[in-house]
Amino acid sequence: MATAGPGFAARALAVDALEAVLRHGAALEEAFDGAPQGLDPRDRALAYRIVATALRRIGTLRALLGKLMERGVPKSAPRLESVLLAGATQILFMDVPNHAAVGLSVDLARADRSTGGFAGLVNAVLRRLTREHEGLMAGLDPDFADTPDWMRPRWIAAYGLEAARAMAAMHKVEPPLDITAKADPRSWAEKLSGEVLPTGTIRILQAGPVRNLPGFAEGAWWVQDAAAAIPARLLGEVKDRDVADLCAAPGGKTAQLVVAGARVTAVDRSAARLSRLKENLDRLGLSARVVEADAATFSGGPFDAVLLDAPCTATGTLRRHPDIAVSKRPADVGTLAALQARLINHAADLLKPGGLLVYSTCSLEPEEGEAQVERLLSARKDMERVPLRPGEVEGLDPFITPQGDVRTLPCHWMRGEAERSGLDGFFAARLRRIA
Ligand SMILES: C[S@@+](CC[C@H](N)C(=O)[O-])C[C@H]1O[C@@H](n2cnc3c(N)ncnc32)[C@H](O)[C@@H]1O
């Protein structure tokens, strides 16, 4: 049994991680937490690429495997699906020779008691895939094969067919690395061989491990999608103001507010995520008051400004977190919308008269964005919208809605190839407490 040949460790880790995501509900990053100590970083990186690509293309992969296995994956060996998904990913979407992808998948099947009896099946299915994939792919929806069935009609209803198609296309592509610098983005962009986007975010292609990049150890910047950097900027001048950052961890927006000179109270209910926030602030040499609390009942303030970056389905981040395609369910939209309604109402209570509230989510679902703001404004006469004016914040004009909110979509900001384009789907609105 060939369990230790070249490339085996990476594939074994990929299958374990796929199992963790598909069958145990782990997020993509968490799925690699149990990776063996001492594993070659190149094996880890390859395993990560296999899993991320498999999740990005899971609709296509499952459809093709379904055509090749009329009776589906044997119920007695659920892990077999992950072996086949990892193998098919390498054959269809990665630069791995077919014989290596098939051979290593067969070795993997043999190496586990639950799949050992199906090594012949793995060999037969993957070999057929290498020969027949063009014909098999021809029958699939070229746009939406990888978009979860429940998301597609919602996006078409909210943004139209053309935008929904363009978003689905962006979800198939590995996104670039986006970075927010504490200061001087131009000179950091140069050192990092990146470009500065119109909003000041630095965008880098093919970065490798983040901690090896210049400026990471000295805390000159942090990783933050270009769209995630928008909400904090809607608060405008915050120097010497008391600002609450509700739902703050892991702290990207907290860092922006502290750098802008605010006195920040960072609230989150997750102790584990708050310790990541503290680590991040420590590395950056920044400080904030950190409070572990439920933001729906947190008693503090009153504050000059509140940023509520509410928990959401995160469907706007599918490019970066392809596990969302398998982890989220339509019912999550309603459950999270109910939580968001409580959070936004309490956030408004924490404001001084005249204070600003920015509400944001990284969801594409209008129930978690636009609808929350409309509901608050119709329920509370002490709150008004402060629409964003064209030209007010550099780079944001393309994203301002007729109401004066911000809505970004993964298909926005096309800058040549898809690999250097796009941004997370975010919604952000700015409101004021009148009295
Ligand atoms: C979208 S993430 C926040 C990202 C963060 N604002 C940033 O920019 O790095 C949502 C956060 O909300 C937190 N959360 C969820 N429900 C909460 C609640 N009821 N009270 C406080 N925090 C909550 C989660 O622990 C999670 O850290």
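Scroll up for the structure.
Below is a summary of the structure that appears in this document. Computed from a predicted model, the values in this text were never measured in an experiment.

Brief notes about the state of the cysteines
Logical step 1: Going through the model one piece at a time under the given rule, you end up with 0 disulfides.
Logical step 2: Not engaged in a disulfide, the cysteine C362 finds its nearest cysteine sulfur in C312; these two sulfurs lie 3.5 Å apart.
Logical step 3: Judged by its relative accessible area of 17%, C362 falls in the buried class.
Logical step 4: No disulfide involves C411; its sulfur sits 16 Å from the nearest other cysteine sulfur, which is in C362.
Logical step 5: Exposure remark for C411: the relative accessible area of 14% places this residue in the buried category.

Some thoughts on the pattern of salt bridges
Logical step 1: Scanning the model with the defined rule gives 35 salt bridges in all.
Logical step 2: Of the charged contacts in the structure, one is a salt bridge between E367 and R154, with a shortest N-O distance of 3.1 Å. With E367 in the loop between β9 (351–361) and α15 (370–379) and R154 in helix α7 (residues 151–159), this pair connects stretches of sequence that are 213 residues apart.
Logical step 3: The class of E367 is partly exposed, set by a relative accessible area of 31%.
Logical step 4: Close ionic contact of R319 with D225 constitutes a salt bridge, the shortest N to O distance being 3.0 Å. Of this pair, R319 sits in the loop between β8 (303–309) and α13 (324–327) while D225 is found in the loop between β4 (221–223) and α10 (230–233), placing the two residues 94 residues apart along the sequence. Of the two residues, R319 and D225, neither departs from the other in class, the shared state being buried.
Logical step 5: Each of D178, R203, D225, R319, R320 and D424 takes part in a single network of salt bridges with overlapping partners.

Notes on the packing of helix α4 (residues 79–93) against helix α5 (residues 98–111)
Angle between the axes and distance between the axes: these two values describe a pair of packed helices.
Logical step 1: Taken N-terminus to C-terminus, the directions of α4 and α5 make an angle of 170°; their axes are 9 Å apart at the nearest point. When the axis of α4 is compared with that of α5, the two are roughly antiparallel. In this structure, α4 contributes V83, G87, Q90 and I91 to the contact, and α5 contributes N98, A101, V102, S105, L108 and A109.
Logical step 2: Among the residues forming the contact of α4 with α5, the class breakdown is 6 nonpolar, 4 polar and no charged.

Comments concerning the site of the ligand
Logical step 1: With respect to spatial proximity, 16 residues lie near the ligand, and among them K253, D268, R273, A295 and D309 are the closest.
Logical step 2: In the environment of the ligand, a nitrogen atom lies 3.0 Å from a nitrogen or oxygen atom belonging to the backbone of C247.
Logical step 3: The contact in question runs from a nitrogen atom of the ligand to an N or O atom on the side chain of D294, over 2.9 Å.
Logical step 4: Out of a free accessible area of 600 Å², the ligand has 88% covered by protein chains.
Logical step 5: Per-class residue counts for the shell around the ligand are 7 nonpolar, 3 polar and 6 charged.

Criteria and thresholds
- Residues numbered from 1 in each chain as written.
- Predicted model: local features only at pLDDT ≥ 70, side-chain atom pairs only at ≥ 80, totals over all residues.
- Heavy atoms only, no water.
- Disulfide = S-S within 2.5 Å.
- Buried < 20%, exposed > 50% of the residue type's maximum accessible area, 1.4 Å probe, protein only.
- Salt bridge = Lys/Arg side-chain N within 4 Å of Asp/Glu carboxyl O.
- Helix = DSSP H or I, 4+ residues; strand = E, 2+ residues; numbered from the N terminus.
- Axes fitted to C-alpha atoms, helices over the stretch in contact; angles between N-to-C directions.
- Parallel < 35°, antiparallel > 145°, perpendicular 65-115°, else oblique.
- Contact = heavy atoms within 4.5 Å.
- Nonpolar A, V, L, I, M, F, W, Y, C, P; charged D, E, K, R; others polar.
- Near = heavy atom within 4 Å.
- Polar contact = N/O pair within 3.5 Å; in protein donor to acceptor, adjacent residues only side chain to side chain.
- Areas by Shrake-Rupley, 256 points an atom, 1.4 Å probe, with all protein chains shown as cover.

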